[in-house]
Amino acid sequence: MKKLINDPDSVIADALKGIELSDAGVRVDHENRVIYRAEKTREGKVAIISGGGSGHEPLHGGFVGVGMLDAACAGQMFTSPTPDQMLAATTEADAGAGVLHIVKNYTGDVMNFEMAGEMASDTDGVRVETVVVADDVAVQDSLYTAGRRGVGLTVLMEKIVGAAAEEGRELDAVLKVAQKVNENGRSMGMALTSCTVPSAGKPTFDLPEDEMEIGIGIHGEPGRHREPMASAKEIAKQLVDPILHDHDFRGPAIVMVNGMGATPLIELYLMYGEVKALLDEAGVEVVRNLVGNYITSLDMAGCSVTILRADDEMLALWDAPVSTAGLRWGM
C-alpha cells in the first residue's frame, strides 16, 4: 500500500488539521471532529448539518461554507459519526431557527443522527428535522442499508437546501425543499478498481483487470453485477438507463458525473459527453451540470451519474452564490 500518510490511525486527525490550515472559511473542533463555518451561524438562520464516514471528500467537510452547510461531522473511515459528534455540531450550529440534518441512508448514520436529534431536542430544546437521502437505483438493500443507499444526490441537496436556508427561509420551508430534491433525484455508479482503506492496507475487494463492477456503493459495497470491461458509451448506457427507468426526468435537469477518487478528469468529461447524448435522446434537458470528484470512495477508480429533475425554484437555488472548498460560484 502506497499512501501519503503518517500512520493509518491518525489519517483523519491529520487531514482535519490540514483542512483547517488550508481554508480560512472554516474552523475545526478537533475533539469532536466537526468542521464549522469560520463565522458562527447568523441569528435566525436555519442551520444545515451533515456528516458521514471519512473517505468521501470533498463530501461533507468540503461543502461547509456560505450557501451550503453550517457544519459537517467526520466519522471514522467509512463509519458514521457518533451521536455525541452530531449532538455537538447540532447545538453549536443552532442559531435559534432550528436545524436540518441531511443524512445519507446508511443504517449507522440514520440511527446516530436520530439519537443526536432527540438529545438536542430533549436536552437543549433545539428543533431538529431530518431528510434521509436515498437515491441509489442500483440496489434496494445493501450491506449498510435498509432501502436505497444515499449517494450522489447528497451533493446536489446540500447545495440547493443550503441556498434555501441562506435566504432566510423557515425550517418547514427548507425541509420541504429537501424533500422535493429527494423525490426527484436518482443516481447509479460503477467501479473499475476497489478502494484501499488505510487501516486495512489492501483493496476492499478483488476486481480483475478485464472486469468492472456495475452498481457499486461508496464504501466498496458490491453492486448489481460484475461483467467484462466495456467502452465508455456502453458504461454510460448501463448507468443512465436504470435511472431513467426509475423516474420521469423529461424536462429541465441538473446532472452530475462524479469521479470516485482515482479517475482522471479527461475520462470524466468523456463520460459526461456520453451521458449527455443519452439524455438528449431521452428528452431530458440538461440545464446545469457538475463534472469532477464530489463524493468519492478514497482511491477507487470509477464514476457515478446523478440526475435531478429541477423546477424553477431548484434552479434558482442552485444558481445562488456559494463559497466552499468544494463548490464556489457567484460570490
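Quantities reported herein were computed from a predicted structural model and do not represent experimental measurements.

**Q** So what's going on with the pairing of strand β1 (residues 26-29)? Which residues, and what values?
**A** Every second residue of β1 is oriented toward a common face, the buried set being Val26 and Val28 and the non-buried set Arg27 and Asp29. Both β1 and strand β2 (residues 34-37) contribute to a ladder of 4 bridges, which runs antiparallel. Of the residues in β2, the one forming a bridge with arginine 27 is tyrosine 36.

**Q** Please set out the sheet that holds strand β5 (residues 99-104) residue by residue, giving values where relevant.
**A** One open sheet holds the 6 strands; their spatial order is β1-β2-β4-β3-β5-β6, and the pairing between them is mixed. Of all strands in the sheet, those with a lone pairing partner are β1 and β6 (128-133), marking the two edges. Averaged over all neighbouring strand pairs, the angle between strand axes comes to 20 degrees, with direction disregarded. Taken together, the 3 bridges between strand β3 (residues 47-54) and β5 define a ladder with parallel strand orientation. Bridging from a neighbouring strand, isoleucine 49 pairs with histidine 101 of β5. The sheet contacts of helix α1 (residues 11-22) involve β1, β2, β3 and β4 (71-77), and relative to β4 the element is tilted by about 150 degrees. Lying on the sheet, helix α2 (residues 83-93) is in contact with β1, β2, β3, β4, β5 and β6; it crosses β4 at an angle near 170 degrees.

**Q** Break down empty space enclosed by the protein for me, citing the residues and quoting the values.
**A** The tally for this structure, following the rule as stated, stands at 2 cavities of 30 Å³ or more. Counted as a void, the largest cavity has a volume near 80 Å³. Lining the largest cavity we find 13 residues, and of these Val151, Gly189, Ile216, Ile218 and Ser304 sit closest to its centre. At 3 residues, the largest contribution of residues to the lining of the largest cavity is made by strand β7 (residues 185-191). In terms of residue class, the lining of the largest cavity is built from 6 nonpolar, 6 polar and 1 charged. The calculated volume of the second largest cavity comes to roughly 40 Å³. If you go around the second largest cavity, the residues you meet are Arg27, Tyr36, Arg37, Glu39, Lys40, Thr41, Asp70, Glu92 and Ala93. Elements supplying a minimum of two residues to the lining of the second largest cavity: β2 and α2.

Conventions adopted
Starting from 1, residues in each chain are numbered consecutively following that chain's sequence as written. Per-residue local features are limited, in this predicted model, to residues with pLDDT of at least 70; the limit for side-chain atom pairs, both in listing and counting, is 80 or more; totals at the level of whole chains, interfaces and linings are taken over all residues. To obtain the side-chain values, all non-hydrogen atoms of the structure were used and water was disregarded. Three labels apply to residues, based on accessible area from a 1.4 Å probe with only protein chains included: buried if under 20% of the type maximum, exposed if over 50%, partly exposed otherwise in between. A run of H or I in DSSP becomes a helix once it reaches four residues, and a run of E becomes a strand once it reaches two; helices and strands are each numbered from the N terminus. The criterion for strand pairing is that DSSP finds at least two bridges linking the strands in question. Angular values range over 0 to 180 degrees, each being the angle between N-to-C directions of two axes fitted as lines to C-alpha atoms, with helices fitted over their stretch in contact. Throughout, a residue-residue contact means that at least one pair of heavy atoms, one from each residue, lies within 4.5 Å. Computed over the protein atoms alone on a 1 Å grid, cavities are sets of points where a 1.4 Å probe fits but cannot get out and pockets are open sets with protein on both sides within 12 Å along at least five of seven lines; a residue lines them when it has an atom within 4 Å of a point. Grid points are joined across faces, edges and corners, and a volume is the space filled by probe spheres set on the points. Here the nonpolar group is Ala, Val, Leu, Ile, Met, Phe, Trp, Tyr, Cys and Pro; Asp, Glu, Lys and Arg are the charged ones; every other residue, Gly included, is treated as polar.

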